[in-house]
Amino acid sequence: MSDVSRRAALAAGLAAGVTTPLSTTAEAAAWPGPDATADDYPQFMADSGHSGWARTETTVTVATVGSLGQLWQRPVAESGWAPATGDPTVVGNGVFLGGRTVVRYDAQTGTRVWSRSIGAVVPTTPVYAHGLVVATGLDGSDSHLGAIDARTGALVWKRRLARSGFASPSIAGSTVLVGSEDRVQAFDLRTGGRRWGWVDPEYWAGMFGSPSAAGGLVIAGNEGNSRVTALNLSDGKVAWQNRLPGTNGWTMDGFGIAVDRASGRAFVGSTGGSYSGAVRAVSVADGTTLWQTELGKSVWRAVAWSGSTVLANAETDLVALDAATGVIRWRFTNEAWLSPGMVCDGGVVLIGVPAGAVLDTPALLGFSIGSGRRLLTLALPGGAGYEPMGAAISRGRVFLPQWNRLLCLGPGGGPVGRDRSTPPPRRRSPVAPVHRQETRR
């Protein structure tokens, strides 16, 4: 097929709302490609369960995190949304990041390997499985979903989604999962064909966050996670629902659900309402609430699970809770809202803060998960508007987007300096322009 015919077929397919495969016979024959390993960080918040935990990391630890410094930085063409890029993912020597396009960088040198558009900007996290990078994008009020060959950067397929969404995709086996306004949808990873879609019959406002997957179930929350629904991965039928009286809220990649497959628990952060913001543990098997702890502040951003500890990003606070009981172990209180994501490894949790919170500049903070002791306060370049996003950790390196730059940090690295080739960002909310909270009536 010629390039002209290929583009015409793509346009016709998108107009009809269907998938247009772009893979060649040779590419299709190579399926499946290599999958991620235990040392990789291939999805939003690390894995399909969104644990935020780099489980095999042994280089960035309690002993070494205080020496983190810059190994390299590169400019990023930001998306025009807040957050500007989403979080990075790391597989082998490839670092994948959204923005105006999806870009692959060399993890060792920062060299840009390829850049590929999916027909829309990508303010969410590109995710990886079986040799493909999958991303969601926004084009006005339209949402797009596309798959890219991780090695070559070739566009394999893309499709327009039925509803707009502000959440990163997830991949469970050969199934791509996407949350949007009133629905959760599943697509074939290889072809982009739609497998099923579940429309929430009680939808009234808000957005589904990035779906988590565990035990043959897809777990997704809406209305600020006041209502969590588990769907069968095979057919999208409802397995159970868990409800908490409260208000609705939504933001880009907000209200994550972290799954601990070993204990069969899902940890859910939620916004206010009858409760003033809470974290609850829910049984993956039947949706029963096992414990619930009120924090006094809405948990707008994802919780992360690391061993026996649940970590909640609650507005201005970072809170550590006992995973078995919900008892608060320690709490760091800040003067400004924390940056979106966080990542755990080697007994350490890393999280960003905006300028004026701890230092005059943005900063990356590191805490001991066990004790809450602050081990790292790393000044980052820039001022207001340069808030860091969520980081990814793999093989002794921390990859941190900071609006229109990507930083690579490692123990023993040098001072973090400004890349003078990139202009300062336009002023925006440090959380998201679509950050909203509403009361159900």
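Bear in mind the structure is a predicted one, so any value in this text is a computation, not a measurement. (Residues numbered from 1 in each chain as written. Predicted model: local features only at pLDDT ≥ 70, side-chain atom pairs only at ≥ 80, totals over all residues. Heavy atoms only, no water.)

A few points about the sheet that holds strand β27 (residues 328–333)
Phase 1: Spatially, β24-β25-β26-β27 is the arrangement adopted by the 4 strands of the open sheet, whose pairing is antiparallel. Since the sheet does not close on itself, it has two edges, and those belong to β24 (304–306) and β27, each with one partner. Averaged over neighbouring strand pairs, the angle between their axes works out to 20 degrees when direction is ignored.
Phase 2: Across 6 bridges, the pairing between strand β25 (residues 309–314) and strand β26 (residues 317–322) is antiparallel. Bridge pairing links Ala 314 to Asp 317 in β26. (Pairing = 2+ DSSP bridges. Helix = DSSP H or I, 4+ residues; strand = E, 2+ residues; numbered from the N terminus. Axes fitted to C-alpha atoms, helices over the stretch in contact; angles between N-to-C directions.)

Here's the deal with the pattern of salt bridges
Phase 1: One pass over the structure, following the stated rule, counts 8 salt bridges.
Phase 2: Between Asp 182 and Arg 183 there is a salt bridge, with its nearest N and O atoms 2.8 Å apart. Assigned by exposure class, Asp 182 and Arg 183 land together as buried.
Phase 3: A salt bridge links Asp 322 to Arg 329; the nearest nitrogen and oxygen atoms lie 2.8 Å apart.
Phase 4: Judged by relative accessible area, Asp 322 falls into the buried class, the value being 17%.
Phase 5: Look at the salt bridges and you will find they share partners, linking Lys 297, Asp 317 and Arg 331 into a network. (Salt bridge = Lys/Arg side-chain N within 4 Å of Asp/Glu carboxyl O. Buried < 20%, exposed > 50% of the residue type's maximum accessible area, 1.4 Å probe, protein only.)

Focus on the sheet that holds strand β31 (residues 374–379)
Strands in a sheet are paired, the pairing made by backbone hydrogen bonds, and the direction either parallel or antiparallel.
Phase 1: Read across the sheet, 4 strands follow the order β28-β29-β30-β31 without closing on themselves; strand pairing throughout is antiparallel. In this open sheet, the two strands that pair with only one neighbour each are β28 (342–345) and β31. Shown here is a sheet whose adjacent strand axes are inclined to one another by a mean of 20 degrees, direction ignored.
Phase 2: By the bridge criterion, 4 bridges tie β28 to strand β29 (residues 348–353) in an arrangement that is antiparallel. Looking at β29, one finds that Val 343 is bridged to Leu 350.

Quick word on the confidence of the model for the protein chain
Phase 1: Here the protein chain averages 82 in pLDDT, and 80% of its residues register 70 or above.
Phase 2: Note that residues 1–29 has pLDDT below 50 and, in this model, 36 contacts with residues that lie over four places away or in other chains.
Phase 3: This stretch, residues 419–441, has a pLDDT under 50; its non-local contacts, to residues over four places away or in other chains, come to 66 contacts. (pLDDT = per-residue confidence, 0-100. Contact = heavy atoms within 4.5 Å.)

Comments concerning the side chain of Glu 57
Phase 1: Tracing the backbone through its elements, the reader meets Glu 57 in the loop between α2 (25–29) and β2 (68–75).
Phase 2: For Glu 57, which is buried and forms no salt bridge, the nearest opposite charge comes from Arg 395, at a distance of 8.1 Å.
Phase 3: Within the local environment of Glu 57, its side chain forms a polar contact with the backbone nitrogen of Thr 59, the two atoms lying 2.9 Å apart.
Phase 4: From its side chain, Glu 57 meets the backbone nitrogen of Gly 396 in a polar contact 3.1 Å long.
Phase 5: Discounting residues that sit within four places of it in the chain, Glu 57 has contacts with Asp 345, Gly 346, Ile 393, Ser 394, Arg 395 and Gly 396. (Lys, Arg positive; Asp, Glu negative; His and termini not counted. Polar contact = N/O pair within 3.5 Å; in protein donor to acceptor, adjacent residues only side chain to side chain.)

With respect to unusual backbone geometry
Phase 1: Not every positive phi belongs to a glycine, and Met 45 is a case in point at roughly 55 degrees.
Phase 2: Looking at the element boundaries, Met 45 is found in the loop between α2 and β2.
Phase 3: Within the chain, His 50 stands out as a residue other than glycine whose phi angle is a positive 55 degrees.
Phase 4: His 50 sits in the buried class, given a relative accessible area of 1%.

Quick word on the nonpolar core
Nonpolar side chains in soluble globular proteins tend to end up buried together.
Phase 1: Of all hydrophobic cores here, the largest spans 35 residues; its most connected members are Val 279, Leu 318 and Val 349.
Phase 2: Within the residue set of this core, elements represented by two or more residues are β22 (278–283), β24, β25, β26, β27, β28, β29 and β30 (363–368).
Phase 3: Apart from residues lying up to four places away in sequence, Val 349 is in contact with Leu 311, Leu 318, Trp 330, Met 342, Val 343, Cys 344, Leu 365, Gly 366, Phe 367 and Ile 369.
Phase 4: Ranked by size, the runner-up nonpolar core spans 33 residues in total, among them Val 95, Leu 97, Ala 391 and Leu 400. (Core = buried A, V, L, I, M, F, W, Y, C linked by side-chain atoms within 4.5 Å.)

Observations regarding the pairing of strand β8 (residues 132–139)
Phase 1: Of all 8 residues in β8, 7 are buried, a share of seventy percent or more.
Phase 2: Bridge count for strand β7 (residues 127–129) against β8 is 3 bridges, and the pairing is antiparallel. Following the sheet pairing, Val 127 is matched in β8 by Val 134.
Phase 3: Counting the residues between successive antiparallel strands, the hairpin from β7 to β8 contains 2 residues, one of them, His 130, with a positive phi of roughly 50 degrees.
Phase 4: Two elements, β8 and strand β9 (residues 142–149), share 8 bridges in a ladder whose sense is antiparallel.

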